[in-house]
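# Close look at the chain arrangement
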Amino acid sequence: MTDEELVVAFALTRIDHPGLELEEIAALVVRRAGPDEVLQLASQNLAVRDELRGGVFESAVEYVVRMVLKLRDADD
C-alpha cells in the first residue's frame, strides 16, 4: 500500500466514521488491510523510529497516524 493509497483509505474511513478519534480510524484502516500490508506498515514504522513499540498491529496503526499527522501538518 502506497502512502497515497493509505491517505485515501484513511479519508474514506473517516468519512464513514466521523465521530472516531484519529487512532481509532487508523486501527480500522489497518484491520481492513491484509496481513502483508500490516507487516509492511509496521516495517515502515520500524524504519522511521528504529524500534518497535508494541506488536505488529499497534506499530502499523502508529505508522498510519504518523503519516496522516505529517501530511496534515505539512499544509500549515
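Residues numbered from 1 in each chain as written. Predicted model: local features only at pLDDT ≥ 70, side-chain atom pairs only at ≥ 80, totals over all residues. Heavy atoms only, no water.

### Let's talk about the overall build of the protein chain
When helices and strands are counted, the protein chain shows 4 helices and 0 strands. For a compact globule of 76 residues, the expected C-alpha radius of gyration is about 11 Å, and the protein chain comes in at 12 Å, within 12% of that figure. Out of the 76 residues belonging to the protein chain, those deemed buried represent 29%. By element, 54% of the accessible surface of the protein chain is carried by carbon and sulfur atoms, the whole surface being about 4900 Å². (Helix = DSSP H or I, 4+ residues; strand = E, 2+ residues; numbered from the N terminus. Rg over C-alpha atoms; globule rule 2.2 N^0.38 Å. Buried < 20%, exposed > 50% of the residue type's maximum accessible area, 1.4 Å probe, protein only. Areas by Shrake-Rupley, 256 points an atom, 1.4 Å probe, with all protein chains shown as cover.)

### So, helix H4 (residues 56–74)
The end-to-end C-alpha distance of H4 is 27 Å, a good match for the 27 Å that 19 residues give at a rise of 1.5 Å each. Every buried residue of H4 is accounted for by Ser59, Ala60, Val61, Glu62, Tyr63, Val64, Val65, Met67 and Val68. Here the buried face of H4 lies against helix H1 (3–16), helix H2 (22–32) and helix H3 (35–49). (Expected span 1.5 Å × (residues − 1). Contact = heavy atoms within 4.5 Å.)

### Focus: the side chain of Ser59
Relative to the assigned elements, Ser59 resides in helix H4. The contacts of Ser59, once residues within four sequence positions are left out, are Ala42, Asn45 and Leu52.

### Section: the confidence of the model for the protein chain
When the pLDDT values of the protein chain are averaged, the result is 91; 97% of them are 70 or greater. Within the protein chain, the lowest mean pLDDT, 90, falls on H4, and the highest, 96, falls on H2. (pLDDT = per-residue confidence, 0-100.)

### Description of the environment of Ala26
Relative to the assigned elements, Ala26 resides in helix H2. In sequence terms Ala26 and Asp3 are 23 residues apart; their C-alpha atoms lie 13 Å from each other. Discounting chain neighbours no more than four positions away, the residues touching Ala26 are Phe10, Val61, Val64 and Val65.

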